[in-house]
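Chain and residue survey
This is what each chain is made of:
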Amino acid sequence: MPTSDLLSDFRSASPEQTIKALEGMGDDAKIGKILVIDGLPPLPKEETLPDAQIEDQQGRLQQALTEAAEALATALQTTAELPMEIRQKTMEMLEFQQTMLTSLGKKAQATIAANNMPAIPAVVNVCGTLIGKLGSAHNRHNIADIENIQELLLRSLLTQSGVELNILSLKDAPDDGRIIMAHCSLSPSDMIYLLDKNIRGLVMVGASPSGHVAILAKELGIPCLFVDELPDGLHNDVPVILDPEVKTAFISPSPKTLERYRHIIKGQERRTEARQAFRGIKINTQDNEHVSVYANISFTGWVKRANLNSADGVGLYRTEFLFSSQEKEPTIALQTDAYAHVLKGMEGHSVTIRLCDIEGDKNEQEWLKKTDRWDLWDRQIEAMLRASAQTGIRAHILVPTVRDASEMQRVRMLVEQKTGKLKNQGVLLENPAKIGMMVETPVAALDMESYANLADFYSIGSNDLMASLTGIQRTDQHLSHLSDVTHPRILKVFQDIIASANIQGKKISLCGGLASQPDMIGILIGLGLRRLSAGVENVLEIKERIQMIDSGQAKNMVETLMRTPNRTERENILSRFNQGLSTQNIVSLNSTILVPEPGQRPA
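Residues numbered from 1 in each chain as written. Predicted model: local features only at pLDDT ≥ 70, side-chain atom pairs only at ≥ 80, totals over all residues. Heavy atoms only, no water.

Side note on the overall build of the protein chain
The helix and strand tally for the protein chain stands at 21 helices and 16 strands. Considering only intrachain contacts with a sequence separation of at least 6, the fraction spanning at least 24 residues in the protein chain is 72%. Summed over all atoms, the accessible surface of the protein chain reaches about 27100 Å², with 48% contributed by carbon and sulfur. (Helix = DSSP H or I, 4+ residues; strand = E, 2+ residues; numbered from the N terminus. Contact = heavy atoms within 4.5 Å. Areas by Shrake-Rupley, 256 points an atom, 1.4 Å probe, with all protein chains shown as cover.)

Next up, the structure:
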């Protein structure tokens, strides 16, 4: 249902009510109507059945088992629509649930017969016993799966008993743009069923912003609020506004709130339309220097966002998430599918795929911590080459955390060996892979000449390089304010890296966090960078900022910073530069947006 139709339907007689969230996820506000999902009601007390009712209870359980099996089978079919990194794990979860459903069903049927127990307490007892046996943090995922199966069965059994459940009907949920208010934590299988239901947003109790359901919601572009509890008395079809930015849902919004969000929603719609202005346009500085802006992506599903935001390609595909999201190493076939998806999805634009960086805060899986990175890279390189052969599109392979030239030599040798192996198997590679190097360690930054014959291109990892140069880790919130990219010595290191790449005739980009900060773009252009890779959601804003900058003036600004020892003075220099940027003759994203007046968005 279009937003305008929803707005015209809002006739609220009750006063506005707000729900404040612990956390919000997503950027855009959404307007819709409530679909309430209650948690399970109190279950009937355990009782002893007369023999004559045992067969009836077993029949009810069998019906519940059949419905649950159908639900899981449908969800399993739908996993083909999920992003690659989530697909495999979700398939394994659903397949485990299918196996467990059969086992639980047999035990529950036996419990009904042996103890003259009704179906509902039989299911609860069997599931509870199994969860008790698992009972450790290591099995938390399996425990969650069993709880998911239990809820599927109890929903069906309660419905058969005549209990009216105000709970999500997986088969009959409306697809008219609802915002779900869930008194319980949704399961991954619930989320899969919502793929084709046009859900506009979720407000969930008991879910984690870092959990599997949240990851699925993020990949599907569904904004979420995470709350401890929801108010009583929520009803279906009541109008609601969800704003993840201010972590608030407005139930039965007042005319004033509705008018505010009418402007905000229009602004979002105009912004989406305005994105098209950048498609196919080369972005230049004020003095006509071309600068390319690529996207950093972490999931295969983000390819759509990169294209929507008019990225010039993928400058960094972080494959760590393909590995860290799995309980075991993905097969070469699965990796090949993931890389091929990204190569094809970028519609002819270049794609740089980084070998899995398993160091530091990028790795959370125990199996991955114990894995030798060279063994991992051996299989990963083969998958990348197979994806290139499959799609006919050359992959650019990026090597992380290089500290010695021998590492680049070893990667080149692996690529050559794998290429030869695939050719012998009849897998032809029309374009040999390009092999690039992350410049993110001091030893690499200060000795670029050693890599002149080993790297086809370079990419500066500003996050890790800055951490190494300053001794301040990017995860240290207490010291992060001391990390200063304007420091003359830091600027000199960056300047020398770029100059060395230019002397070698190699392309160089920057794919760290600096490329996503509009106020830092003047420094990067002034240092001589003409290829940036920004966060996928920052690409448009960075492209607009580039058009405001005169590269000659930016170079002069950087030179001034390098002669200025005082940090406060350097910050003032950068601030004056950004305040003086020209908006003349730019293709503007923001100029076409209808935005609310200052202060209109609720605090």
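Focus: the nonpolar core
For soluble globular proteins, the rule of thumb is that nonpolar side chains tend to be buried together. By size, the foremost hydrophobic cluster in this structure holds 99 residues, and its most contacted members are Tyr339 and Ile523. Of the residues forming this core, the biggest block, eight residues, is contributed by helix 13 (residues 373-391). Apart from the residues within four sequence positions on either side, tyrosine 339 is in contact with Tyr317, Thr319, Leu322, Phe323, Ile353, Gln380, Ala383, Met384 and Ala387. The next biggest cluster of nonpolar side chains, apart from the first, holds 29 residues, and it includes Ala64, Val123, Cys127 and Leu158. (Core = buried A, V, L, I, M, F, W, Y, C linked by side-chain atoms within 4.5 Å. Buried < 20%, exposed > 50% of the residue type's maximum accessible area, 1.4 Å probe, protein only.)

Describing helix 13
For helix 13, built from 19 residues, the straight-helix expectation of 27 Å at 1.5 Å per residue is met to within 8% by its first-to-last C-alpha distance of 26 Å. The N-cap of helix 13, judged by a side-chain oxygen 3.0 Å from the amide nitrogen of tryptophan 374 a few residues on, is aspartate 372. (Expected span 1.5 Å × (residues − 1). Polar contact = N/O pair within 3.5 Å; in protein donor to acceptor, adjacent residues only side chain to side chain.)

Observations concerning the environment of methionine 191
In this structure, methionine 191 sits in helix 6 (residues 188-193). Given a relative accessible area of 1%, methionine 191 falls into the buried group. Between the C-alpha atoms of methionine 191 and valine 213, which are 22 residues apart in sequence, the distance is 6.9 Å. Among all residues touching methionine 191, those that are not within four sequence positions of it are Leu186, Leu202, Val213, Leu216, Ala217, Leu220 and Ile222.

Description of the packing of aromatic side chains
Scanning all chains against the criterion turns up five aromatic pairs. Considering the side-chain rings of tryptophan 374 and tryptophan 377, the 5.0 Å spacing of their centres and the 70° angle between planes classify their relative orientation as edge-to-face. Of the two residues, tryptophan 374 and tryptophan 377 both sit in helix 13, three residues apart, roughly one turn of that helix. By relative accessible area, which is 12% here, tryptophan 374 ends up buried. Tryptophan 377 gets classed as buried once you look at its relative accessible area, which sits at 1%. Pairwise contacts between aromatic rings join Phe299, Trp302 and Phe321 into one cluster. One cation-aromatic arrangement involves arginine 410 over tryptophan 374; the distance from NZ or CZ to the ring centre is 4.2 Å. (Phe/Tyr/Trp six-rings, centres within 6.5 Å; stacked < 30°, edge-to-face > 60°. Lys NZ or Arg CZ within 6 Å of the ring centre and 35° of its normal.)

Observations regarding the pairing of strand 11 (residues 350-354)
Counting buried positions along strand 11 yields four of five residues, so the element is predominantly enclosed. Of the strand pairs in this sheet, strand 10 (residues 313-318) and strand 11 are connected by four bridges, and their pairing is parallel. What sits directly across from valine 314, in strand 11, is valine 351. Across three bridges, strand 11 lies against strand 12 (residues 396-399) in parallel orientation. Bridging across to strand 12, threonine 352 finds its partner in histidine 396. (Pairing = 2+ DSSP bridges.)

Some details on the pattern of salt bridges
One pass over the structure, following the stated rule, counts 20 salt bridges. In this structure, the salt-bridge partner of glutamate 407 is arginine 373, at a minimum N-O distance of 2.5 Å. Separated by 34 residues along the polypeptide, glutamate 407 in helix 14 (residues 405-424) and arginine 373 in helix 13 bring together distant segments of the chain. Residue glutamate 407 shares its accessibility class with arginine 373, and that shared class is buried. One salt bridge connects aspartate 484 with arginine 570, and the closest N-O pair in it is separated by 2.5 Å. Here aspartate 484 is found in the loop between helix 16 (462-470) and helix 17 (488-504), whereas its partner arginine 570 is found in helix 21 (residues 567-579), with 86 residues between them in sequence. Judged by its relative accessible area of 9%, aspartate 484 is buried. (Salt bridge = Lys/Arg side-chain N within 4 Å of Asp/Glu carboxyl O.)

Things to note about the sheet that holds strand 2 (residues 23-25)
Read from one edge to the other, the open sheet built from eight strands follows the order 1-8-7-3-4-5-6-2, with strand pairing classed as mixed. Looking along the sheet, the strands with just one partner apiece sit at the ends: strand 1 (17-20) and strand 2. Neighbouring strand axes in the sheet, compared pairwise and without regard to direction, differ in orientation by 25° on average. Of the pairings in the sheet, the one linking strand 1 to strand 8 (residues 248-251) comprises four bridges and is antiparallel in character. By the bridge assignment, isoleucine 19 is partnered in strand 8 with alanine 249. (Axes fitted to C-alpha atoms, helices over the stretch in contact; angles between N-to-C directions.)

Brief notes about the environment of alanine 467
Tracing the sequence through the fold places alanine 467 in helix 16. Take alanine 467: its relative accessible area is 4%, and that puts it in the buried class.

Points about the packing of helix 13 against helix 14
It is at 10 Å that the axes of helix 13 and helix 14 come closest, and there the two elements cross at 45°. On the basis of the axis angle, helix 13 is oblique to helix 14. For the crossing formed where helix 13 meets helix 14, the hand is right-handed. Contacts between helix 13 and helix 14 involve Arg373, Trp374, Trp377, Asp378, Ile381, Glu382, Leu385 and Arg386 from the first element and Glu407, Arg410, Val411, Leu414, Val415, Lys418, Thr419, Lys421 and Leu422 from the second. Counted by class, the contact of helix 13 with helix 14 contains eight nonpolar, one polar and eight charged residues. (Parallel < 35°, antiparallel > 145°, perpendicular 65-115°, else oblique. Left-handed = near helix turned anticlockwise from the far one by under 90°. Nonpolar A, V, L, I, M, F, W, Y, C, P; charged D, E, K, R; others polar.)

Re the confidence of the model for the protein chain
Of the residues in the protein chain, 86% have a pLDDT of 70 or more, and the chain-wide mean is 84. For residues 1-13, every residue scores under 50 in pLDDT, and the model assigns this stretch 25 contacts once sequence neighbours within four places are set aside. Low pLDDT, under 50, characterises residues 474-482; the stretch is placed with 11 contacts to residues that sit more than four places away or in other chains. (pLDDT = per-residue confidence, 0-100.)

Quick word on unusual backbone geometry
For aspartate 237, which is not a glycine, the phi torsion comes out positive at approximately 75°. On the secondary structure map, aspartate 237 appears in the loop between strand 6 (224-227) and strand 7 (239-243). Taking relative accessible area as the criterion, aspartate 237 reaches 46% and is therefore assigned partly exposed. Positive phi, close to 50°, is recorded for glutamate 347, a residue that is not glycine. For glutamate 347, the location among the structural elements is in the loop between helix 11 (332-345) and strand 11.

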